[in-house]
Each structure stands twice: as structure tokens, then as C-alpha cells.
Amino acid sequence: MNYMTPIFYLVVIMIIEAQSFIRKNYQHATMALATSFLVLCAMLFEVFGFRAFLCESAIAMAMLLYLIFFQESEYRLNSRILKAAARRDALTGAYNRAGYEAIIGRMKQEKDLLLGFMILDIDKFKEVNDEYGHEAGDYVLINVSKMLKATFRSSDYIIRYGGDEFVVILTGITENLGFVIKKKIDSLNGLLENPISNLPACSVSDGLAFSDQGFSDELFRKADRALYYSKATTKRSCTIYNEQFGKTPVEETKLPGETERKTASWNKEEIEAQIEA
């Protein structure tokens, strides 16, 4: 028996196994380990006098099984990657409309979720495109998305709903924290109006609504009406639906779980894994 062929197979498989462990693809690594074991057994059989063609058949079968598994696993991985990419906006990296629908679809199955739902619109975005060009407008969209991600928590969802309109879904918060969100939008607008780069200055208007019963279409309509009020009045502002004027503002400076990866009522990592599976 020529031992160079199985040795070559072993080296190749061990390299694949190492790469699989590095990429944390433990299914690949386990199958590669099992294949290595079969190849080693075949070589030992030859040493102890078994027929060469049986040993070579065992090696060929091991490699065939591995290749079939590898191809299937790669196909599933690529399918997941493509599916996840289809739910992300190619320009900004935020969730797109398809991603929004998937998130909302999951949230509708859960009751008693504490949610803040915010719709944002870039003020006079058409004028930015007309004066500076669409390429500059694209950079403004990218910058707004980036700053929204920096402004809100990792447990919140940033979605480019369409055009220059964004949605932010805030998890695990109640209406008494509306003052905190208003302050965040004010700070965001301060940065957008005084960009450190050569980007055109801009601002955002938004409408915000809260729910302690999870997502509903009515929650969306409330936020949309609040946005309309912001756009029709001062712009560059955050309007909370049914806001009680004269109410003592809450003095918190952070949202609950600001520095935490997960919220008590909603685990973003789990929901993302489910909608991108």
C-alpha cells in the first residue's frame, strides 16, 4: 500500500479540522476528526495484514462521507449567510424592511413585552440630495445609521424602513423613560448639525410610542402620528404620543441595561439567531 496518499489525506483533513475549530464550526471539526480516525484505522489494518484493497476502500469511503457532509454543511452555512444578508440594508448595514418584518413577526408572538417604538425621518433630505448630490445623501444615510447604533443600546434594533426613514425598536423600557430618549435625540441632532467630516449638516424628527403589551399595528400608528406632529411643527424634535405635559421629567441619564448585552424581557441575540436561521 502506498502510504503517501492516506498521509496526504490526513494532513488535509487536519488542516480543515483546525480551521473549523478556529471558525467555531464544531460540526465540521467533529466530522474531520472522525474521518481522520477512519483513515488511521485503514492504515493500521494494512500494517496488520489486511488486504490492501479493503484498506483503500475504507479510506475512499471515509473521504466520500466527509466530502458529502462538508458540501451539505457548506450549503447550509451559505444559505444562512445569504438569508441574513437579505435582511440587512446594503448601504447602511441596518436591518432592512425584510428584517423588520421578521423581527416584528417574532415580537407579535410574545405578549407583555415592554417596548418603545420610534420612527425617524431625516429633515429636508431631498434638499441634501438636490444641493450636494445623491452620493452625499448616501453618506448622510450611512452616518445617521452609524450614529443611531452608537446612541442606542446593543439590545435595540436599528432599521432602515425605507428611503430616509428609520425605525428604532427599544426593548425593556417604559413611558417614564421618554425624557431620556428625548435627550438622546437632542444630542444626536447636535452631532448631525455639526458634523466633524465634510458631510452636509442635517437633523432628524421622530415620533415615539410605548407599549407594555408587545408590538401591535396600533403601536406603529401612534409612533407615525407622533412623527407627523414633529414634522408639522418644529422638526428636529422628538414627540411622544399622548405625552402628558407638566409631568415631572425622569432624571435618569441611561436606559436600563445601557451597558448590558441582554435585557431581562427580551434577548436580542436569541431573536436574531431565530430570524436569520
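The structure this text deals with has already been given above.
Quick caveat, the model's predicted, so the values are computed rather than measured.

Peer 1: Quick one: what's the story with the side chain of Ser237, residue by residue and with numbers?
Peer 2: By the secondary structure assignment, Ser237 is in the loop between α8 (217-232) and β5 (238-240). Sequence-distant contacts of Ser237, defined by excluding residues within four places in its chain, comprise Asn189, Val204, Ser205, Asp206 and Ser230.

Peer 1: Could you give me a rundown of the nonpolar core, with the residues and numbers involved?
Peer 2: Counting residues in hydrophobic clusters, the biggest one holds 29 residues, and the most contacted among them are Met118, Ile122, Leu148, Phe152, Ile181 and Ile185. For this core, the secondary-structure elements that each account for two or more residues are β1 (115-122), α5 (125-132), α6 (134-151), β3 (165-171), α7 (178-193), β4 (204-211) and β5. In this view, Ile185 contacts Met118, Leu120, Phe152, Val204, Asp206 and Cys238; residues no more than four positions away in its chain are not counted. Tyr157, Val167, Leu219 and Ala223 belong to the second largest nonpolar core, which has 20 residues in total.

Peer 1: Pulling in residues and values, what's your account of the packing of α5 against α6?
Peer 2: Where α5 meets α6, the closest approach of the two axes is 7 Å, and the angle between their N-to-C directions is 140°. Considered as vectors, α5 and α6 are oriented oblique to each other. Here Phe125, Val128, Asn129 and Tyr132 of α5 come into contact with α6, specifically with His134, Ala136, Gly137, Val140 and Leu141. Split into classes, the residues belonging to the contact of α5 with α6 amount to six nonpolar, three polar and no charged.

Peer 1: Please give an account of the pairing of β3 that cites residues and values.
Peer 2: Most of β3 is tucked away, with six of its seven residues classed as buried. Where β1 meets β3, seven bridges bridge the pair, whose relative direction is antiparallel. Across the sheet, the residue bridging to Phe117 is Ile169, located in β3. The pairing of strand β2 (residues 157-162) with β3 spans five bridges and is antiparallel. If you follow Gly162 over to β3, its bridge partner there is Glu165. What sits between the antiparallel neighbours β2 and β3 is a turn of two residues, in which Gly163 has the positive phi angle 60°.

The rules behind each value
Residues numbered from 1 in each chain as written. Predicted model: local features only at pLDDT ≥ 70, side-chain atom pairs only at ≥ 80, totals over all residues. Heavy atoms only, no water. Helix = DSSP H or I, 4+ residues; strand = E, 2+ residues; numbered from the N terminus. Contact = heavy atoms within 4.5 Å. Core = buried A, V, L, I, M, F, W, Y, C linked by side-chain atoms within 4.5 Å. Buried < 20%, exposed > 50% of the residue type's maximum accessible area, 1.4 Å probe, protein only. Axes fitted to C-alpha atoms, helices over the stretch in contact; angles between N-to-C directions. Parallel < 35°, antiparallel > 145°, perpendicular 65-115°, else oblique. Nonpolar A, V, L, I, M, F, W, Y, C, P; charged D, E, K, R; others polar. Pairing = 2+ DSSP bridges.

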